[in-house]
Amino acid sequence: MQPTDIKDPDYFHKVVDCQWACPAHTPVPEYIRLISAGRYADAFMVNWKSNVFPGILGRTCDRPCEPACRRGRVEEEPVAICRLKRVAADYKGDVSDRMPPAPTTRNGKKIAFVGAGPAALTVARDLAPMGYHLVIYDGDTRAGGMIRSQIPKFRLPEEVIDEEVGFITAMGPEMRLGQRVDSLKSLLEEDYDAIFVGSGAPRGRDLDLPGRQEGAANIHIGIDWLSSVSFGHITKIGRRVIVLGGGNTAMDCCRSSRRLGGEDVKVIVRSGFEEMKASPWEKEDAIGEDIPILNFLVPKEFKHQDGKLIGMTFEKVHAEYDAKGRRRLVPTGEPEHFFECDDVLVAVGQENAFPWIERDIGLEFNEWAMPVVNEITFQSTNPRVFFGGDAAFGPKNIIWAVAHGHQAAISIHQFCQGTDVNDRPPPMVTLVSQKMGIHEWSYDNGISLDLRFKVPHRDKVTALKDIKSEVELGFDLKLAFAEAQRCLNCDVQTIFSDKLCIECDACVDICPVDCISFIDNGDEADIRTRLMAPAHNLDQALYVSGELKTGRIMAKDEDVCLHCGLCAERCPTGAWDMESFLIDVAQAGMSGAEKACCSK
Amino acid sequence: MTFIAKPKLHHPELHKNSLGYTRRDYEGAISTLCAGCGHDSISAAIVRACFELDLPPHRIAKLSGIGCSSKTPTYFLGASHGFNSVHGRMPSVLTGANLANRDLIYLGVSGDGDSASIGLGQFAHSMRRGVNMVYIVENNGVYGLTKGQFSATSDKGAKSKRGVINSEEAIDLVGMALQLGATFVARSFSGDKAQLVPLIEAALKHEGAAFIDCLSPCVAFNNHEGSTKSFDYVREHNAAVNFLDVISAREEITVDYAPGSVEMVTQHDGSTLRLRKLHTDYDMHDRVSALTYMQERQAAGEIVTGLLYVDPNPRDLHGHLKTSDIPLNALQEDALVPGASALAKINAGLR
């Protein structure tokens, strides 16, 4: 193998598994260390810079970082990254003076936003300090988009949304709330230099089964129902409720029902329990609120009597897999199951809908009736129109909307300044030695052996009484510190200098996870089998040095490195060093360096 | 010195041996020796050898004297018996322990100062008595704890870190062990675990006095140019006579080397040593030719390493003394006090 090129910013970025997995590339270990240090406001700002909505995401994120977390590969569970983000938000105090002020001068460019959801607000936040005139339209009377309309308040209190949306509206965008955009064509005819479409995936899928019309009064589309609950238009539901669907919307529907009078609430899904789209912790919370989840039941018919819904029938199926591993749901032949109910909530998916975009404005749609959008620049085929969030590539999570927003903001800025949108700015990278003394580091390299801590919940009886009463109470400071200590500091990198190595084996002997080997060179597949411990995880790189004095090389499997720094502590020549790697993915308008400064 | 404990977390695929232990279970406390010390590598080799041989840690006794080397038993086999004795007196304490309880596996760890100076007499007598043990000298040629004075194994003409040339003759512990009747004699290098681990395993399997002289560079005081015990010097002058694999009694033996290049030695306990010979004319069953060969090579400036001498059927101290098969410390009162009639019988035999 050739020596690893550690100058490639992606190399160490991938070692920081959580940050690499985060669509917005939040520097996770960086803010977790700040939490350990009690610097909650600083931890919040690190988050805010990357993901814009720390308090919101700290409660609702789909957490792609956690399955990626290295801790999950060396013990049972990953660090509770998401809930530590909430800690930063909960204990930050007043950070309003650290927010970029509304600009005093305008740069003469005017941007329109369709929708005031997470993607649009992210674009607005990135562009506002540069003096753009931003005009944000939304059909709802309050900003936030699906964050406000679809996420139940017992998971995300209104004040958290108000605060974090407020940071952005305070930066001076013109908010045209309650004004739905009905025609992109007429918007294009106004004097906007660019338009950002962040209109979400607003249409809930329906189930066209026998009895749908007759029972209509008691059959509701999940996301519309959640939205009505959210805005206080609906305050009650029947005693017996069936929720159809296995995603997070279904989980929100069933748990909301329990708080609005539903006593016998059940979730019924077509697939198996394991394949449900809902996050495992959301399923767990639903089950914890006495909501059974029945699987492998395909809905057949809405049963009604005297013009009123009385229940539903289902066909029992089981999964069969063909040679290609594709799943088929095959009826078991059992008689149909019948469940009585007063109301049905249909949460079987949501779709994009663009009835307001004319098809003759130079904006192409693909065969699935989705706009053709560049995956890197988020520009549509009409160069003035950019997309992001669920409107770009269909329903995903908030963190994806934020990631889209940052990229779209870069594009819009470059487009408005007349530079090529395909010319993407590079990230800002710093790599700094953490050595302070002979065996002292400026990071805490002791490894906590604690298992993952559970977030305390409000007592169930109290929680179910009030739909606005938040269930999760968040970590207190003691728990937050203990959980933060579980982080392995994967951003503190092991840096090897082959010129300094005397091949004494001290690092090999001390490494608790056997990740360092001194061996003869070979190709990667061969080397992976000859290490101290075989390196089976092909997603994780091997860090390979140049040739050493004995003709061998150093090969380190990054997979389960604890970043404890013992290799560097036991190295007599300083051939190993622990260096903090911070990568700031570029954002609109500011070079990485300027951004990094404003967050510290 | 490292202040944090070595994390308990380990590689998810870490193997367990037949006793259900991982290699990590054979470790001790974290080392307080200088970073990069060769002794730490020897500790790691001992850990690996004991793990691979499935030795129950509580059946091993590790004994040492004084010095950097003698500190190391703290850093391996944390669940074994240990005795940190007086300077140079490890062999006597080990001999006593071995006499009292022959069932334990004895591992004596010493250094060049401990064995070649203050304890030279103790070293010599434990060899000639044939105490069943592994005696490892972690040989760095200097007194590290007192800042790098030459020790008795330092080669004549070697340069100290301060630039002083050693004018005294070196004591060759391997040569002495051979002359004094050790039944297993080897030399190795801390920087070559591929050679060292099987040698320690073979020595642990050997039922007699097994001596290993292990060159172990002192990174703080003896790893400079002019030193004859530095990593670079030992690597450049290392002349291995053979390469060893230890095959336990239950493993299948396969030989896939050219005829004449491999020698199989079955030890008394049933284990087999497979030696890939690097010098085909070297006979490791002949004390005299081994001594001659080593002295020749040493005169030529080479450091001979490998398994230098082995007697596959050794007799140990208990054999010489015809002691009871049951460890003395386990004999019960009826055996120890056989009564008046037994005494009368003995007395009658002496009349």
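Residues numbered from 1 in each chain as written. Chains lettered and ligands numbered in written order. Predicted model: local features only at pLDDT ≥ 70, side-chain atom pairs only at ≥ 80, totals over all residues.

**Some words on the overall build of chain B**
Part 1 of the argument: Per the secondary structure count, chain B includes twelve helices and 13 strands.
Part 2 of the argument: At 21 Å, chain B has a C-alpha radius of gyration in line with the 20 Å of a compact globule built from 351 residues.
Part 3 of the argument: Overall, the C-alpha framework of chain B stretches about 70 × 50 × 45 Å when taken along its three principal axes.
Part 4 of the argument: Counting all 351 residues of chain B, 48% fall into the buried class.
Part 5 of the argument: Once local pairs closer than 6 in sequence are excluded, the contacts in chain B between residues at least 24 apart make up 71%. (Helix = DSSP H or I, 4+ residues; strand = E, 2+ residues; numbered from the N terminus. Rg over C-alpha atoms; globule rule 2.2 N^0.38 Å. Buried ≥ 20, exposed ≤ 12 C-beta atoms within 10 Å, placed from the backbone. Contact = placed C-beta atoms within 7 Å.)

**A short note on the overall build of chain A**
Part 1 of the argument: Looking only at helices and strands, chain A has 23 helices and 24 strands in total.
Part 2 of the argument: By principal-axis analysis of the C-alpha atoms, chain A measures approximately 90 × 65 × 50 Å.
Part 3 of the argument: The proportion of buried residues among the 600 residues of chain A is 48%.

**Digging into the nonpolar core**
Part 1 of the argument: In this structure, Ile35(A), Phe113(A), Phe196(A), Ile200(B) and Leu308(B) are the most contacted members of the largest nonpolar core, which totals 217 residues.
Part 2 of the argument: The element that contributes the greatest number of residues to this core is helix 17 (residues 398-416) of chain A, accounting for eleven residues.
Part 3 of the argument: In this view, Ile35(A) contacts Tyr40(A), Ala43(A), Leu84(A), Val87(A), Ala88(A), Ala480(A) and Ala484(A); residues no more than four positions away in its chain are not counted.
Part 4 of the argument: Listed in part, the 34 residues of the second largest apolar core include Ile221(A), Val229(A), Ile237(A) and Phe302(A). (Core = buried A, V, L, I, M, F, W, Y, C linked by C-beta atoms within 7 Å.)

**Things to note about the interface of chain A and chain B**
Part 1 of the argument: Chain A puts 29 residues into the contact, and the matching count from chain B is 24 residues.
Part 2 of the argument: Elements supplying a minimum of two residues to the side of chain A that touches chain B: helix 7 (71-74), helix 20 (506-510) and helix 22 (566-569) of chain A.
Part 3 of the argument: Looking at the side of chain A that touches chain B element by element, the count peaks at three residues for helix 20 of chain A.
Part 4 of the argument: Of the residues belonging to the side of chain A that touches chain B, the class tally is 17 nonpolar, four polar and eight charged. (Nonpolar A, V, L, I, M, F, W, Y, C, P; charged D, E, K, R; others polar.)

**Describing the sheet that holds strand 8 (residues 264-268) of chain A**
Part 1 of the argument: The sheet built from five strands is open, its strands ordered 6-14-7-8-9 (chain A) with parallel pairing. Edge positions in the sheet fall to strand 6 (219-221) and strand 9 (293-294) of chain A, since each has one partner strand and no second. (Pairing = 2+ DSSP bridges.)

**Describing unusual backbone geometry**
One can expect most non-glycine residues to show negative phi and most peptide bonds to be in trans.
Residue and element names in this part refer to chain A.
Part 1 of the argument: With phi around 60°, Asp290 is a residue other than glycine that occupies positive phi space.
Part 2 of the argument: Position of Asp290 relative to the elements: it lies in the loop between helix 15 (280-288) and strand 9.
Part 3 of the argument: Take Asp290: there are 13 C-beta atoms within 10 Å of it, and that puts it in the partly exposed class.
Part 4 of the argument: A positive phi is found at Asn489, a non-glycine position, where the angle reads about 55°.
Part 5 of the argument: Following the sequence through the fold, Asn489 ends up in the loop between helix 19 (477-484) and strand 20 (492-496).

**Things to note about the domain arrangement of chain A**
Residues and elements named next belong to chain A.
Part 1 of the argument: Entries for chain A in the domain assignment read domain 1 (102-202 + 352-416) and domain 2 (204-348).
Part 2 of the argument: Facing the six residues of domain 1 at the interface are eight residues of domain 2.
Part 3 of the argument: A breakdown of the residues in the side of domain 1 that touches domain 2 according to their chemical character gives three nonpolar, two polar and one charged. (Domains from an automatic or database assignment.)

**Concerning the packing of helix 13 (residues 222-230) of chain A against helix 14 (residues 248-259) of chain A**
All names here are of chain A.
Part 1 of the argument: Packing of helix 13 against helix 14 leaves a shortest axis separation of 10 Å and a crossing angle of 45°. In this view, helix 13 runs oblique relative to helix 14, as classed from their interaxial angle. For the crossing formed where helix 13 meets helix 14, the hand is left-handed. Of helix 14, the residues touching helix 13 (which contributes Gly222, Ile223, Trp225, Leu226 and Val229) are Thr249, Ala250, Asp252, Cys253 and Ser256.
Part 2 of the argument: Classifying every residue of the contact of helix 13 with helix 14 by side-chain character gives six nonpolar, three polar and one charged. (Axes fitted to C-alpha atoms, helices over the stretch in contact; angles between N-to-C directions. Parallel < 35°, antiparallel > 145°, perpendicular 65-115°, else oblique. Left-handed = near helix turned anticlockwise from the far one by under 90°.)

**What to know about the environment of Thr153(B)**
All names here are of chain B.
Part 1 of the argument: Mapped onto the fold, Thr153 is located in the loop between strand 6 (149-150) and helix 6 (173-179).
Part 2 of the argument: With 116 residues separating them in the primary sequence, Thr153 and Cys37 have C-alpha atoms 18 Å apart.
Part 3 of the argument: Contact partners of Thr153, with chain neighbours within four places excluded, come to Asp112, Ala116, Asn139, Gly141, Ala170, Ile171 and Leu173.

**Examining the sheet that holds strand 10 (residues 242-247) of chain B**
All names here are of chain B.
Part 1 of the argument: Reading across the sheet, the three strands line up as 10-12-11 and stay open at both edges, with antiparallel pairing between neighbours. Edge strands, defined here as strands with exactly one partner in the open sheet, are strand 10 and strand 11 (262-266). Averaged over all neighbouring strand pairs, the angle between strand axes comes to 20°, with direction disregarded.
Part 2 of the argument: Sheet analysis places strand 11 next to strand 12 (residues 272-277), joined by five bridges and oriented antiparallel.

**Describing helix 19 of chain A**
All names here are of chain A.
Part 1 of the argument: When we look at burial in helix 19, the residues that qualify are Ala480, Glu483 and Ala484. Summarising the axial view, the buried residues of helix 19 lie within an arc of 100°, below the 170-degree limit, and thus occupy one face.
Part 2 of the argument: Summarising the contacts, the buried residues of helix 19 are in contact with helix 3 (28-36) and helix 8 (81-90). (Arc of directions from axis to C-beta.)

**A short note on helix 9 (residues 287-299) of chain B**
Part 1 of the argument: Over its 13 residues, helix 9 of chain B extends 18 Å from the first C-alpha to the last, a length consistent with the 18 Å expected when each residue adds 1.5 Å.
Part 2 of the argument: A positive phi of about 90° marks Gly301(B), the residue just after helix 9 of chain B. (Expected span 1.5 Å × (residues − 1).)

**A short note on the environment of Tyr31(A)**
All names here are of chain A.
Part 1 of the argument: With respect to the helices, strands and loops of the structure, Tyr31 is situated in helix 3.
Part 2 of the argument: Put simply, Tyr31 and Thr249 are 218 residues apart on the chain and 30 Å apart in space, counted from C-alpha to C-alpha.
Part 3 of the argument: The contact partners of Tyr31, leaving out residues within four places of it in the chain, are Ala43, Val46, Asn47 and Ala88.

**Some remarks on the environment of Gly574(A)**
Part 1 of the argument: Along the chain, Gly574(A) turns up in the loop between helix 22 and strand 24 (576-584).
Part 2 of the argument: Put simply, Gly574(A) and Cys501(A) are 73 residues apart on the chain and 7.9 Å apart in space, counted from C-alpha to C-alpha.

**Re the packing of helix 3 of chain A against helix 8 of chain A**
Pairs of packed helices are described in terms of their axes, by the angle between the two and the distance that separates them.
Residues and elements named next belong to chain A.
Part 1 of the argument: At a minimum axis distance of 10 Å, the contact between helix 3 and helix 8 shows a crossing angle of 50°. With respect to each other, helix 3 and helix 8 are oriented oblique. In this structure, helix 3 meets helix 8 at a crossing whose hand is left-handed. On the side of helix 3, the interface is formed by Val28, Tyr31, Ile32 and Ile35, while helix 8 contributes Ile81, Leu84, Val87 and Ala88.
Part 2 of the argument: Grouping the amino acids of the contact of helix 3 with helix 8 by side-chain chemistry returns eight nonpolar, no polar and no charged.

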